[in-house]
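Coordinate inspection notes
Here's the letter readout for the chains.
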Amino acid sequence: MRPTTDHSAGRSEPDAPVTRRAAREAREAETRSIRRLRRNRAAVTKATSSAQATGPGRASRGVSLIAMFAVLGIGVATSLPAMALLTEEQVRAKTVAAAFPDAGANGAAVDVQALDRVESDQTAVVDRESPEVTAAEQLAAVRSMRIANTYTNNPRGAIQWPFPVGVPISSWFGPREAPTAGASTNHLGVDFTPGEGVPIQIIADGVVREVVLGDNGGCGVNVTIDHMINGALVSSKYCHMQRGSVQVQTGQAVKVADIVGKVGNTGVSTGAHLHLEIRLNGTEPVDPYAWLKANAS
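Rules and cut-offs
Residues numbered from 1 in each chain as written. Predicted model: local features only at pLDDT ≥ 70, side-chain atom pairs only at ≥ 80, totals over all residues. Heavy atoms only, no water. Helix = DSSP H or I, 4+ residues; strand = E, 2+ residues; numbered from the N terminus. Buried < 20%, exposed > 50% of the residue type's maximum accessible area, 1.4 Å probe, protein only. Disulfide = S-S within 2.5 Å. Core = buried A, V, L, I, M, F, W, Y, C linked by side-chain atoms within 4.5 Å. Salt bridge = Lys/Arg side-chain N within 4 Å of Asp/Glu carboxyl O. Arc of directions from axis to C-beta. Contact = heavy atoms within 4.5 Å. Phe/Tyr/Trp six-rings, centres within 6.5 Å; stacked < 30°, edge-to-face > 60°.

Time to look at the environment of Ala158. Residue position: Ala158 is located in the loop between helix 5 (131–144) and strand 3 (169–171). Owing to a relative accessible area of 55%, Ala158 belongs among the exposed residues under this scheme. The spacing of Ala158 and Asp205 is 47 residues in sequence and 7.6 Å in space, taken between C-alpha atoms.

What follows concerns the state of the cysteines. Per the counting criterion, the structure on display carries one disulfide. The disulfide partner of Cys219 is Cys239, and the gap between their sulfur atoms is 2.3 Å. The sign of the S-S torsion, about 65 degrees, decides the handedness of the disulfide formed by Cys219 and Cys239: right-handed. Taken together, the residues span a long stretch of sequence, with Cys219 in the loop between strand 8 (206–212) and strand 9 (221–229) and Cys239 in strand 10 (residues 232–241) at a distance of 20 residues.

A word on the nonpolar core. The biggest cluster of nonpolar side chains holds 38 residues, and the ones touching the most others in it are Phe163, Phe192, Tyr238, Val260 and Trp291. Looking at this core, the elements that each hand over two or more residues are strand 6 (190–192), strand 9, strand 10, strand 13 (274–280) and helix 6 (288–295). Sorting elements by how many residues they give to this core places strand 9 first, with four residues.

Attention shifts here to unusual backbone geometry. For Asn230, which is not a glycine, the phi torsion comes out positive at approximately 55 degrees. Here Asn230 lies in the loop between strand 9 and strand 10. The class of Asn230 is exposed, set by a relative accessible area of 76%. The backbone of His240 sits at a positive phi, close to 70 degrees, despite the residue not being glycine. In this structure, His240 sits in strand 10.

This brings us to the pattern of salt bridges. Evaluated as defined, the whole model comprises three salt bridges. Lys255 is paired through a salt bridge with Asp205; the nearest N and O atoms lie 4.0 Å apart. Highlighted residues: Lys255 in the loop between strand 11 (253–254) and strand 12 (259–262) and Asp205 in the loop between strand 7 (199–201) and strand 8, separated in sequence by 50 residues. Exposure remark for Lys255: the relative accessible area of 52% places this residue in the exposed category. A salt bridge links Arg279 to Glu277; its shortest N-O distance comes to 3.0 Å. Classification of Glu277 as buried rests on a relative accessible area of 6%.

Attention now moves to helix 6. What helix 6 keeps buried is the set Pro288, Tyr289, Trp291 and Leu292. On an axial view of helix 6, the arc spanned by its buried residues comes to 165 degrees, and they lie on one face. Looking at the buried residues of helix 6, the elements they touch are strand 3, strand 6, strand 9, strand 10, strand 13 and strand 14 (284–286).

Tallied over the full model, the rule gives five aromatic pairs. Where Trp172 meets Tyr289, the ring centres are 5.0 Å apart and the plane angle is 80 degrees; that geometry is what we call edge-to-face. Of this pair, Trp172 sits in the loop between strand 3 and strand 4 (174–175) while Tyr289 sits in helix 6, placing them 117 residues apart in sequence. Taking relative accessible area as the criterion, Trp172 reaches 43% and is therefore assigned partly exposed. Owing to a relative accessible area of 16%, Tyr289 belongs among the buried residues under this scheme. Among the aromatic residues, ring-to-ring pairing joins Tyr151, Trp161, Phe163, Trp172, Phe192 and Tyr289 into one connected group.

Turning to its location among the elements, Ile200 is positioned in strand 7. For Ile200, a relative accessible area of 0% translates into the label buried. In this structure, the C-alpha to C-alpha distance between Ile200 and Pro164, residues 36 residues apart in sequence, is 9.0 Å.

Turning next to the environment of Gln138. Among the structural elements, Gln138 can be located in helix 5. Of the residues examined, Gln138 reaches a relative accessible area of 13% and is grouped as buried. For the pair Gln138 and Phe163, spaced 25 residues apart in sequence, the C-alpha to C-alpha distance is 8.6 Å.

Just geometry here; none of it tells us what the structure is for.
This is the structure in structure tokens:
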């Protein structure tokens, strides 16, 4: 049998025996390829004739439009945030993996179940400042909250967003039409809407300046915390929290990502949300979204 040369390997080896079935399949594949080639040629010929019939101006515009859409498609594909291409469950999974690297999927579930068991035991005392309890609450929040591609939080940052994953924003900083009687037309904060009862993270290390537990209008149940950031005083205010959910006291030193309370609907409010304010020097309101975008690491 005549040897066949394998140029890629640099050696010769005998041909494999060709069966009737293999030969027939090869002929059929070749026939299909020829048919596809003829169809493609016919389509190209038809498109070219159509372009020529409409005149060079229209043809060139058609080509330009095709090129424009191609470039646009590439631009959109390269500019979309990574999270925008993921499903909601994939975003949650990535957030859990980033925020709780030591727990894992199964271990994290055990932590939340353990929290449920402790809170249901009337004889047990729950240490709300325990890192285990805080982590379990945050993990449970990620699994239940509404999420959106509004920002990306770094769980190891010295400054963080009030929730460990992006959530919907219902009202932005600045002038607006009052959503209800008694609400402001100059909105001094940003309204985050992850859902009722979701734990709220403290944005940075600091000291609690004020705790308001009553629901007397305005910000409802709220907490103000002072932070020293880059040598300057920055205050954060968390409004409309659930009654009984506040987990800090006036004068208490707190850490970034500690839980201050839970999202509620107290005060002048049209639905459960966190109204977050950022004030420079403790008094000057600035856009919290822009400030966090610039400073959260």
